[in-house]
Amino acid sequence: MKKESKGGFSGQLGFVLAAAGSAVGVGNIWRFPYLAAKDGGGLFIIIYLVLVFTFGFTLLTSDIATGRKTQQSSIKAYDTMRHGWGFLGIFTFFVPVLIMTYYAVIGGWVTKYIVAFAQGSTADAAADGYFTGFITAPYAPIVFALIFLFFTAFIVYRGVEKGIEQCSKVIMPILLVMIIVISIYSLTLHHTDESGLTRTGIQGLAVYFIPNVQGLTVSRFFQILLDAMSQLFFSLSVSMGIMITYGSYVKKDVNLNKAVSQIEIFDTVVALLAGMMIIPAVFVFSGTEGMGQGPGLIFVSLPKVFDAMGAAGRFIGLAFFIMVAFAALTSCVSVLETITANCMELFHSSRKKTTLILSVIYAVASILICMGYNKLYFELPLPNGSVGQLLDIMDYISNSVMMPAISFLACILIGWILKPKWIISEMESTGHRFSRKKLYSVMVRYVMPVMMFLLFLESTGLLGRLLTK
Ligand code: PHE
């Protein structure tokens, strides 16, 4: 009865593309390249790759298999797994609830840049203060956020197969082709600055790929490791109930081993390509200094790069922001879908009604978050050392505090209370061998709990405090 109203993916391809759609988002395109630039180029990449196929694999497997085995979303799933663990489900549910307050706002920023490049306002978009001017404006960011939210809600409203699966099947292949084309273009760039120094895209590629171990200390290495780890969680959309919900829509005959590997590979390849696209371009026009921009990279540094490209910049910029919007849309859809699915199970309400009510709630929330940059502006020092506004606070609580705590608890539940067999049996239920079975057991029982605990201490600022004491 429940499954009929719930719907599901038509098969393996639909599931893999939808899950990859959730995983591939602004995290891959903006955050990965900026962390790689900051954390020693190839050094970060090597560490990240090792983590994807150990930590990422473990978390992704746990979430997807939990979803398919219980056929439920996080709130009910954890309670079904073990009576008394429903609290972990509720805790997990709150991550997308918080992320959704600001994800459409960021989607709105991207949409604004699409419009700017489509109109040919390349020089305006590249001017100093353009981004800040836009996000602090009273109405424009709200309008763009609501447009983005409308598209997201429309897809969720149409349902799992007709909405999410269909749009992912169209968007994800286009996104992949676009990112490959722009990254090849990026490698062909070269520019001579006023001092006569010529920099080429290939040199930029070397900055990106060659490990930079200059001045590397043990504590710096540890810092890079933790950066890579938190990037990995965010990037794979794990430990927030999203992959549990998507897993619950997968047919029982789909080979989950293969699906997990394909999602891991898709997400990682896009992150690597995003770096190949952005780092050489920024390097050619602004040198290594241009990369120290941090979060401002795609909204501040890149428009300057597109402007410096001349006539082609308008089209490359437009293609770039359309691609980011696609990536953000399929991620935002997965966040809203997870909240919708949990609410449908909780309140036994229909998909259409639930989506409509949630859209109204999140329209209000998005407006408030936009106002966080003007009327509701404040500066709050966060325990991890940064200073945040409303959006950063939501991001901080969901990603830095809740996600490592959830992963830690989920690993304890699966590794020590239910035992890894609980997941392994689901992975092998189709008769396929679970090839990384041993790795999974060791990771989920021993390695993950320790590392998750450390990550939690680090991202809440407690580790720094303990070490300096
Ligand atoms: N995984 C997405 C990315 O890499 C981000 C995301 C986070 C999506 C949380 C959904 C939920 O950008």
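Residues numbered from 1 in each chain as written. Predicted model: local features only at pLDDT ≥ 70, side-chain atom pairs only at ≥ 80, totals over all residues. Heavy atoms only, no water.

A. Expanded view of the environment of proline 141. Within the secondary structure, proline 141 sits in helix H9 (residues 140-158). Residue classification places proline 141 among the buried positions, given a relative accessible area of 2%. Residues proline 141 and isoleucine 357, spaced 216 residues apart in sequence, show a C-alpha to C-alpha distance of 22 Å. (Helix = DSSP H or I, 4+ residues; strand = E, 2+ residues; numbered from the N terminus. Buried < 20%, exposed > 50% of the residue type's maximum accessible area, 1.4 Å probe, protein only.)

B. Expanded view of the nonpolar core. Phe15, Trp109 and Phe320 are the most contacted members of the largest nonpolar core, which totals 169 residues. Looking at this core, the element that brings in the most residues is helix H14 (residues 256-286), giving 19 residues. Excluding its chain neighbours within four sequence positions, the residues that come into contact with phenylalanine 320 are Ile29, Ile182, Met277, Ile278, Ile298, Leu302 and Phe306. (Core = buried A, V, L, I, M, F, W, Y, C linked by side-chain atoms within 4.5 Å. Contact = heavy atoms within 4.5 Å.)

C. Main features of the site of the ligand. With respect to spatial proximity, 15 residues lie near the ligand, and among them Ala23, Gly27, Asn28, Phe234 and Ser235 are the closest. A distance of 3.3 Å separates a nitrogen atom of the ligand from a polar atom in the backbone of serine 22. A distance of 2.8 Å separates a nitrogen atom of the ligand from a polar backbone atom of phenylalanine 234. When the free accessible area of the ligand is taken as 320 Å², the share hidden by the protein chains comes to 100%. Listing elements by their share of the shell around the ligand, those giving two or more residues are helix H2 (12-23), helix H3 (26-38), helix H6 (86-118), helix H12 (218-236) and helix H16 (311-347). (Near = heavy atom within 4 Å. Polar contact = N/O pair within 3.5 Å; in protein donor to acceptor, adjacent residues only side chain to side chain. Areas by Shrake-Rupley, 256 points an atom, 1.4 Å probe, with all protein chains shown as cover.)

D. The packing of H6 against H9, seen in detail. Look at H6 against H9: their axes get within 7 Å of each other, and the N-to-C directions meet at 105°. Here H9 runs roughly perpendicular to H6, going by the angle between their axes. Packed against H6, whose contacting residues are Met100, Ala104, Val105, Gly107, Gly108, Thr111, Lys112 and Val115, the element H9 presents Phe144, Ala145, Phe148 and Leu149 at the interface. Considered class by class, the residues forming the contact of H6 with H9 number eight nonpolar, three polar and one charged. (Axes fitted to C-alpha atoms, helices over the stretch in contact; angles between N-to-C directions. Parallel < 35°, antiparallel > 145°, perpendicular 65-115°, else oblique. Nonpolar A, V, L, I, M, F, W, Y, C, P; charged D, E, K, R; others polar.)

E. How the structure looks around helix H10 (residues 160-187). With 28 residues, H10 should reach 40 Å at 1.5 Å per residue; the first-to-last C-alpha distance of 38 Å fits that figure. Its axis deflected by about 25° at lysine 169, H10 carries its strongest bend there, up to four residues before the proline proline 173. (Expected span 1.5 Å × (residues − 1). Bend = angle between axes of the 7 residues up to and from the residue.)

F. Quick peek at the pattern of salt bridges. Enumeration according to the criterion identifies 11 salt bridges in this entry. Of the charged contacts, one joins aspartate 227 and lysine 38 as a salt bridge, the two residues approaching to 2.9 Å between their closest N and O atoms. Residue aspartate 227 is found in helix H12, and its partner lysine 38 is found in helix H3; the two are separated by 189 residues along the sequence. Where salt bridges share partners, they join Lys38, Asp39, Arg220 and Asp227 into one cluster. (Salt bridge = Lys/Arg side-chain N within 4 Å of Asp/Glu carboxyl O.)

G. Quick look at unusual backbone geometry. Of note, glutamine 71 is a non-glycine position whose phi angle comes to about 60°, a positive value. With respect to the helices, strands and loops of the structure, glutamine 71 is situated in the loop between helix H4 (42-70) and helix H5 (74-81). Positive phi, normally seen in glycine, also occurs at serine 239, with a value near 60°. Tracing the chain through its elements places serine 239 in the loop between H12 and helix H13 (242-248).

H. Fine view of the environment of lysine 38. Classification of lysine 38 by relative accessible area gives partly exposed; the value is 41%. Each C-alpha atom, one on lysine 38 and one on leucine 98, is 28 Å from the other, the two residues being 60 residues apart in sequence. Sequence-distant contacts of lysine 38, that is, excluding residues within four places in its chain, are made with Arg220 and Asp227. At a separation of 3.4 Å, a polar atom in the side chain of lysine 38 contacts the side chain of aspartate 39.

I. Summary view of the side chain of threonine 111. Along the chain, threonine 111 turns up in helix H6. Residue classification places threonine 111 among the buried positions, given a relative accessible area of 16%. Look past the residues within four positions of threonine 111 in its chain and what remains in contact with it is Phe144 and Phe148.

J. Broad picture of the packing of aromatic side chains. Evaluated as defined, the whole model comprises 31 aromatic pairs. Aromatic side chains phenylalanine 150 and phenylalanine 154 sit 6.4 Å apart centroid to centroid with 15° between the ring planes, which places their arrangement in the stacked category. You can see phenylalanine 150 and its partner phenylalanine 154 sitting in helix H9, four residues apart, about one turn around the helix. Exposure remark for phenylalanine 154: the relative accessible area of 42% places this residue in the partly exposed category. An aromatic cluster of three or more residues is present, and its members are Trp109, Tyr113, Phe117, Tyr130, Phe131, Phe299, Phe306, Phe320, Phe321 and Tyr373. Sitting over the face of the ring of tryptophan 422, lysine 69 holds its NZ or CZ atom 4.5 Å from the ring centroid. (Phe/Tyr/Trp six-rings, centres within 6.5 Å; stacked < 30°, edge-to-face > 60°. Lys NZ or Arg CZ within 6 Å of the ring centre and 35° of its normal.)

K. Highlighting a nonpolar patch on the surface. Residues Tyr139, Val143, Ile147, Phe150, Phe151 and Phe154 make up a contiguous nonpolar surface patch of roughly 650 Å² in combined accessible area. Topologically, phenylalanine 151 is positioned in helix H9. (Patch = residues over 30% accessible without salt bridge, like charges linked within 9 Å, V, L, I, M, F, W, Y side chains within 5 Å.)

L. Main features of the environment of glutamate 428. Counting through the fold element by element, glutamate 428 comes out in the loop between helix H19 (421-427) and helix H20 (437-459). Between the alpha carbons of glutamate 428 and tyrosine 113 there is a distance of 46 Å; along the sequence they are 315 residues apart.

M. Broad picture of the packing of H9 against H16. Two elements in contact, H9 and H16, have axes whose closest approach is 9 Å; the angle formed by their N-to-C orientations is 55°. It follows from the interaxial angle that H9 and H16 lie oblique. Viewed along their axes, H9 and H16 form a crossing whose handedness is right-handed. Across from Phe148, Phe151, Thr152, Ala153, Ile155 and Val156 in H9, the residues of H16 making contact are Ala325, Ala328, Leu329, Cys332, Val333, Leu336, Glu337 and Thr340. (Left-handed = near helix turned anticlockwise from the far one by under 90°.)

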